[in-house]
Amino acid sequence: MKRYKDLSKAGKVTLWFWTIVLVPTVAVITLLLLTNAGAFGKLPSFEELENPKSNLATEIYSEDGVLLGSYYVQNRSYVDYEELSPSLVAALIATEDARFKSHSGIDFISLARVAVRTIAMGDRGQGGGSTITQQLAKNLFPRDTTHYSSKVARAGKLVIAKFKEWITAVKLEHNYTKNEIVAMYFNTVFFGSNAYGIKSAAKTFFDKEPHEINVQEAAVLVGVVNAPTRYSPVRNPKNSLARRNTVMSRMEAGGYITPEQLDSLKALPIELKFSQASHNEGLATYFREMIRLTMTSPKPTRNMFYTKYDYEKEVERWENNPLYGWCLKNQKADGSNYNIYRDGLKIYTTLNSTMQRYAEEAVQKQLAGQIQPAMEAQYRATKVLFNDLEQEEIDKIIKRAVRYSDRYREMSNAGHSQAAIEEAFRTKTQMRIFTYKGEVDTLITPLDSILHHKRIMRASLVAMDPHNGYVKAYVGGPNFRYFKYDMAKQGKRQVGSTIKPFIYTFAFDHLGYNPCTMVPNLPVTIETYTGEAWTPKEAGKVIYDGELYPLKWGLARSRNNYSAWIMKQANQPEAVADFIHNMGIMSYIDPVNAICLGTPDVSLFEMVGAYSTFANRGVYTEPIFVTRIEDRHGNVLAEFNTTSTVAISEQTAYTMVDMLRTVVQRGMGGRLIRDYGQGEVEVGGKTGTSQENRDAWFMCVAPNLVGGVWVGGEDQSVHLSSRGEGSVVALPIYGEFLRKVQQNGTLGVTVEDKFFRPMGAKEYDCWDGSVSIEDVEAEAAEGTEGEEQPVVEEKPNDVVFEDEEEFF
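How each quantity is defined
- Residues numbered from 1 in each chain as written.
- Predicted model: local features only at pLDDT ≥ 70, side-chain atom pairs only at ≥ 80, totals over all residues.
- Heavy atoms only, no water.
- Phe/Tyr/Trp six-rings, centres within 6.5 Å; stacked < 30°, edge-to-face > 60°.
- Helix = DSSP H or I, 4+ residues; strand = E, 2+ residues; numbered from the N terminus.
- Buried < 20%, exposed > 50% of the residue type's maximum accessible area, 1.4 Å probe, protein only.
- Pairing = 2+ DSSP bridges.
- Axes fitted to C-alpha atoms, helices over the stretch in contact; angles between N-to-C directions.
- Parallel < 35°, antiparallel > 145°, perpendicular 65-115°, else oblique.
- Left-handed = near helix turned anticlockwise from the far one by under 90°.
- Contact = heavy atoms within 4.5 Å.

Caption draft 1: Structural context of the packing of aromatic side chains. Here the structure, examined in full by the defined rule, presents 25 aromatic pairs. Arranged with centres 6.2 Å apart and planes meeting at 50 degrees, the rings of Phe305 and Tyr311 form a pair that is tilted. Each ring, one from Tyr309 and one from Tyr588, has its centre 5.4 Å from the other, and the planes form 65 degrees; the classification is edge-to-face. One end of the pair, Tyr309, is in helix H13 (residues 308-320); the other, Tyr588, is in the loop between helix H23 (573-583) and strand E13 (601-602), and 279 residues separate them in sequence.

Here it is in structure tokens:
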């Protein structure tokens with residue numbers, strides 16, 4: 001009987017053994033085998049493990065190695081293990097996976113600890129059981145996010161997900177070294193504040209590279225991963241400090257720092273240099289956007305352009321310029337096109353970060369200090385924003401601006417009626433508006449906000465090396481967040497008198513004239529194709545004295561009658577237009593005699609490229625802004641070189657350089673000497689102003705740097721009624737920029753630079769008269785620097801913004 005009792009006991013023990021140990025073990029093994037076989041969904045293949053997909057940001061670099069910005073879906077950049085500071089690695093291992101170096105992807109000791117302490121004892125303060133490798137597996141191959149209402153289904157889904165992570169972790173350990181796994185983990189994890197990966201996080205929170213991160217900063221970054229919002233040093237600094245100290249305590253327990261170091265480091269506050277990545281912020285925002293649009297542009301279609309000429313030129317550029325549409329023209333190994341937001345490309349540009357900073361500072365200084373205050377004073381005095389327009393035209397401008405606004409699109413897409421939208425635009429709401437003194441939060445109607453931003457004056461600046469075509473500085477506007485339209489390359493405006501050097505070049509190169517050719521100072525009348533007589537007028541205090549003056553005098557004084565005289569001698573507007581195209585102006589030029597007054601609409605980018613022909617010994621070098629593109633591993637995918645064509649002879653180019661220097665020494669560009677220290681410097685320039693001061697220009701030619709500035713309003717009817725000439729508002733911007741570049745001494749542009757003087761070049765010193773800057777400014781105050789001012793019927797402009805009904 002006792003024997004049967006003993007057998008019964010043994011049976012019970014065996015039963016309990018099978019129930020508690022063997023059955024669950026067999027079940028787990030079975031589930032693991034089924035999971036590995038794909039019964040519960042696809043597992044990553046070895047190919048996917050070798051090449052895990054991750055949204056890597058494309059980075060844009062200046063020529064001097066400065067990261068200008070990124071294009072991204074997730075702001076993530078790739079780093080190798082060698083680029084990580086030892087403190088980062090130590091903080092990660094001490095906090096997340098103390099036995100990382102000894103396990104093979106799964107830490108069974110930690111799993112047992114979690115089972116006992118968390119499940120049995122209810123203690124959740126000891127951390128989870130996931131290893132760094134398992135967390136990496138979860139980051140690379142996210143879990144199924146399907147929601148199940150049943151608790152059993154949710155628990156089953158979690159178990160299967162864990163099994164998948166275990167199997168993937170083991171595969172990762174098999175495919176990669178421990179160092180590679182650490183680097184991959186840091187590259188994939190989210191740190192909050194739009195920072196994906198350690199490189200973005202180090203830059204965002206501390207303005208450092210990963211290898212520069214110290215112990216306490218490493219503890220902050222590793223600590224924030226656990227809960228990016230709860231432990232954010234920006235949003236929850238107290239929580240972040242406590243979490244940082246916890247991480248450092250674990251580093252001390254792991255032997256990575258001493259107790260003395262721990263005590264001293266805990267006493268330190270968190271010192272941030274926080275700057276959240278944004279496409280709207282940082283250096284060279286317009287330049288970065290211009291590159292993005294260029295690389296992702298589809299092949300042009302006819303409906304994108306007003307004229308057939310512009311369409312054909314753009315198609316030609318798309319076909320011949322390898323950077324234009326690069327992402328659509330080139331494929332990866334798998335046959336798909338490159339994605340500028342996900343593929344982690346590295347784009348190396350020609351921009352110099354120091355010059356770019358000087359350019360942005362110069363634009364900001366002049367707009368904030370002189371131009372916008374003048375506009376505000378004019379508006380306060382007149383209550384007129386849109387000049388020279390009938391009310392119907394003003395209504396169209398405002399209605400178009402309303403319909404293009406984000407608020408209108410959002411409300412329209414949400415199904416709101418037109419009446420509701422109009423009411424919303426008339427209702428005051430809390431809004432943030434732009435001013436040159438900084439952003440302002442105010443209570444204002446959306447309609448008034450639009451009118452306010454219409455009143456903000458704009459400016460653009462481009463500078464390039466004339467010898468290799470490298471664009472060194474590029475400012476498309478005052479603030480990319482508020483004013484997206486790029487007035488450096490996208491926008492085209494009438495160029496005014498800045499076109500005159502091309503007219504004079506044609507006279508020297510095609511008609512056989514020279515700077516000392518004498519021309520009578522008289523009105524010029526030209527018979528047009530229609531048989532009508534056209535006599536361009538002058539502006540300001542201009543006297544036709546009938547005396548003979550050299551062409552050099554005519555350009556220095558920006559006289560319209562001298563440009564018109566050349567056009568009359570040429571008697572071929574088409575030939576002049578073709579000649580200007582050959583100099584580098586690709587925009588359409590209407591072949592009429594009025595070309596000589598600057599009627600064509602041209603971008604600043606084109607003008608700078610064309611003016612560079614003078615400094616580059618008569619060779620037009622197409623501006624270039626990207627030199628090469630690399631993949632995430634540093635493999636070169638593409639390299640870019642500029643193209644050059646001989647436009648004029650070396651002798652003609654030197655002659656024009658001398659003419660442009662005369663404009664600065666004795667003419668309309670004299671302020672460059674008086675205010676910006678260019679008296680002993682070899683530098684030339686040309687001012688320009690379109691009718692009614694709508695567009696103000698200044699182009700500048702130096703031996704190793706050619707650039708230009710445009711100033712105006714978003715709408716051409718928004719402009720300064722007086723003191724808005726190129727010499728007054730545009731020249732100072734470039735003068736400030738050029739002076740800083742020269743004074744730097746390390747940028748390849750100095751006051752000692754000299755223009756190349758070719759063999760046989762002749763000096764034309766046939767005019768020793770001069771124009772004082774006071775005379776220039778007095779003349780400009782009367783009109784517009786020699787621009788033609790049409791006679792119009794004077795009438796009061798009493799348009800004010802009181803009847804909002806007309807705007808819809």
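So, next bit.
Caption draft 2: Highlighting unusual backbone geometry. Backbone geometry at Asp388 places phi at a positive 65 degrees, although glycine is not the residue there. Looking at the secondary structure, you find Asp388 in the loop between helix H15 (353-382) and helix H16 (391-403). Note on Asp388: relative accessible area 46%, which makes it partly exposed. With phi around 60 degrees, Arg723 is a residue other than glycine that occupies positive phi space. Note on placement: Arg723 falls in the loop between strand E20 (705-712) and helix H27 (726-744). Classification of Arg723 as partly exposed rests on a relative accessible area of 36%.

Caption draft 3: Local environment of the sheet that holds strand E6 (residues 458-464). As summarised here, the arrangement of the 5 strands in space is E7-E6-E20-E19-E18, forming an open sheet in which the pairing is antiparallel. The open sheet has two edge strands, strand E7 (471-475) and strand E18 (684-689), and neither has a second partner. With strand direction ignored, the average angle separating the axes of adjacent strands in the sheet is 5 degrees. Taken together, the 4 bridges between E6 and E7 define a ladder with antiparallel strand orientation. Bridged to Met464 within E7 is Val471.

Caption draft 4: Molecular detail of the packing of helix H17 (residues 406-413) against helix H18 (residues 418-426). In contact at an axis separation of 10 Å, H17 and H18 are set at 150 degrees when each is read in the N-to-C sense. Comparing their axes, H18 and H17 come out roughly antiparallel. Relative to H18, H17 is oriented so that their crossing is right-handed. Every residue of H18 that contacts H17 at Arg407, Tyr408, Met411 and Ser412 is listed here: Gln418, Ala420, Ile421, Ala424 and Phe425.

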